[in-house]
Every structure is written in C-alpha cells, then in structure tokens.
Amino acid sequence: QVAAWDRAKPPLRRVLLLPRLLACLLVLARRAMALRAAVLRQAARASRARRGGFGSPRDHEPLWIENWNKDHRAGKDSLDWFFRAFNSTGIYEVFLKSSPRFYGFMVG
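Residues numbered from 1 in each chain as written. Predicted model: local features only at pLDDT ≥ 70, side-chain atom pairs only at ≥ 80, totals over all residues. Heavy atoms only, no water.

## Here's the deal with a nonpolar patch on the surface
Argument step 1. A cluster of nonpolar side chains, Ile91, Tyr92, Val94, Phe95 and Leu96, forms an exposed patch at the surface whose accessible area comes to about 470 Å².
Argument step 2. Mapped onto the secondary structure, Val94 falls in helix H5 (residues 91-96). (Patch = residues over 30% accessible without salt bridge, like charges linked within 9 Å, V, L, I, M, F, W, Y side chains within 5 Å. Areas by Shrake-Rupley, 256 points an atom, 1.4 Å probe, with all protein chains shown as cover. Salt bridge = Lys/Arg side-chain N within 4 Å of Asp/Glu carboxyl O. Helix = DSSP H or I, 4+ residues; strand = E, 2+ residues; numbered from the N terminus.)

Below, the structure is given as structure tokens:
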C-alpha cells in the first residue's frame, strides 16, 4: 500500500500539507489561549487573596469599632461579682432568652 502522500505530485503535496499545517496552528493557538487564561486566573487569585474581600478573615472593621471591641469591662465593674454569678447560673440562656417576650424584644 502506497500512501496518498507518496503518490501525490508536488502541487498536490502542498494541498495535502495545508490542512495539517492549519491543524497544527489551531492546536498551538488553543494552547496559547489556555496558557494565557491560566496566567490570568492565577494573577486574579493572587490579587484576591492579598486584598481580603468583604467578610474574609483579613477584612477589618473601622478603627473606632475595633477600639470599641478592645475596650471590654471585664473585671473593672463594681458589680463584676454579680455578673459572673448570674452568668454561671445559666438563667438567661434557659429562661429569659427562650421566652416569647425576648424574641418580641429582639424583633421589635
């Protein structure tokens, strides 16, 4: 069996070569686009990780809220003994927080 390539005359060889050449160029173009897309995805992922978007662990609240949260009154109050005793009983969680009046207060 002799292949069509070997039997072809010189002008026909050019015609048979053209589809192979186009196929190779198409493969190279697809690989280049895939590589470019991968590079762009990686760059977008890196910039997103550095920025720390809304709700991420790196997202910061305004400075006045952070200062407010740092200033807690544990151990500074004259009724601190009462608050510790009240919290240790669990009355709030069991009775007060589960009442319909509490939910009405929170929703209203």
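Structure's up, so let's keep going.
## Topic: the packing of aromatic side chains
Argument step 1. For the structure shown, the criterion picks out four aromatic pairs.
Argument step 2. Consider the rings of Phe82 and Phe86, whose centres lie 6.2 Å apart with planes at 25 degrees: the pair is stacked. Placement of both Phe82 and Phe86 in helix H4 (residues 80-89) is noted, with a separation of four residues, approximately one turn of the helix.
Argument step 3. Taking relative accessible area as the criterion, Phe86 reaches 29% and is therefore assigned partly exposed. (Phe/Tyr/Trp six-rings, centres within 6.5 Å; stacked < 30°, edge-to-face > 60°. Buried < 20%, exposed > 50% of the residue type's maximum accessible area, 1.4 Å probe, protein only.)

## Considering the pattern of salt bridges
Argument step 1. One pass over the full model with this rule turns up one salt bridge.
Argument step 2. Here Arg84 ties to Asp80 by a salt bridge, and the two come within 3.7 Å at their closest N and O atoms. Of this pair, Arg84 and Asp80 both sit in helix H4, separated by four residues, roughly a single helical turn.
Argument step 3. The exposure class assigned to Asp80 is buried, which follows from its relative accessible area of 15%.

## A closer look at the confidence of the model for the chain
The predicted coordinates of low-pLDDT regions are not to be read in fine detail.
Argument step 1. In this model, the chain carries a mean pLDDT of 76, and residues with pLDDT of at least 70 account for 69%.
Argument step 2. Of all the helices and strands in the chain, helix H1 (residues 4-7) carries the lowest mean pLDDT, 58, while H4 carries the highest, 89. (pLDDT = per-residue confidence, 0-100.)

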